[in-house]
Amino acid sequence: MLGENHALFIEFPEMQNKIQQLKMADENFKAMSDRYHKLDHRIRGLEGNSVPTEDSHFFQLKLERAQLKDKIYSILTN
């Protein structure tokens, strides 16, 4: 769905406390989380405002967000 919010707290509602703890205790996790948030915000902005962008650029943004989400999930579940 276009413009859907993929914030970590929405994607992993059962892990909200762990996400918050890791953001405070682990600089690497915080950096990944911040980057994920910025990518998600940018993607939603492009989708919601129908901003013209090349398909390859849009695909790269979504791919990076998905890869970060996988890394974050891996950290959260270990």
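Keep in mind the model is a prediction, meaning the values are calculated, not measured. (Residues numbered from 1 in each chain as written. Predicted model: local features only at pLDDT ≥ 70, side-chain atom pairs only at ≥ 80, totals over all residues. Heavy atoms only, no water.)

### Here we look at the pattern of salt bridges
A full pass over the atoms with the stated rule returns six salt bridges. A salt bridge links Asp 34 to Lys 30, with the nearest nitrogen and oxygen atoms 2.9 Å apart. Within this pair, Asp 34 and its partner Lys 30 are both found in helix H3 (residues 27-48), separated by four residues, close to a single helical turn. Notably, a salt bridge pairs Lys 62 with Glu 47, separated by 3.3 Å at the nearest N-O pair. On the criterion of sequence distance, the pair formed by Lys 62 in helix H4 (residues 55-76) and Glu 47 in helix H3 is long-range, its members being 15 residues apart. A residue is classified by how much of its surface remains accessible, and Lys 62, at 32% relative accessible area, is partly exposed. Glu 47 sits in the buried class, given a relative accessible area of 13%. Here the residues in one salt-bridge network are Asp 40, Arg 44 and Arg 65, joined through shared partners. (Salt bridge = Lys/Arg side-chain N within 4 Å of Asp/Glu carboxyl O. Helix = DSSP H or I, 4+ residues; strand = E, 2+ residues; numbered from the N terminus. Buried < 20%, exposed > 50% of the residue type's maximum accessible area, 1.4 Å probe, protein only.)

### Concerning the packing of H3 against H4
H4 packs onto H3 with a crossing angle of 145 degrees between their chain directions and a minimal axis gap of 9 Å. As H3 packs across H4, the resulting crossing turns out to be left-handed. From H3, Phe 29, Met 32, Ser 33, Arg 35, Tyr 36, Leu 39, Asp 40, Arg 42, Ile 43, Leu 46 and Glu 47 reach across to H4, where they touch His 57, Phe 58, Leu 61, Lys 62, Glu 64, Arg 65, Leu 68, Lys 69, Lys 71, Ile 72, Ile 75 and Leu 76. The class makeup of the residues in the contact of H3 with H4 is 12 nonpolar, two polar and nine charged. (Axes fitted to C-alpha atoms, helices over the stretch in contact; angles between N-to-C directions. Left-handed = near helix turned anticlockwise from the far one by under 90°. Contact = heavy atoms within 4.5 Å. Nonpolar A, V, L, I, M, F, W, Y, C, P; charged D, E, K, R; others polar.)

### Here's the deal with the confidence of the model for the protein chain
Mean pLDDT over the protein chain stands at 91; residues scoring 70 or higher make up 95%. When mean pLDDT is taken per element in the protein chain, helix H2 (residues 16-25) scores highest with 96 and helix H1 (residues 8-11) scores lowest with 92. (pLDDT = per-residue confidence, 0-100.)

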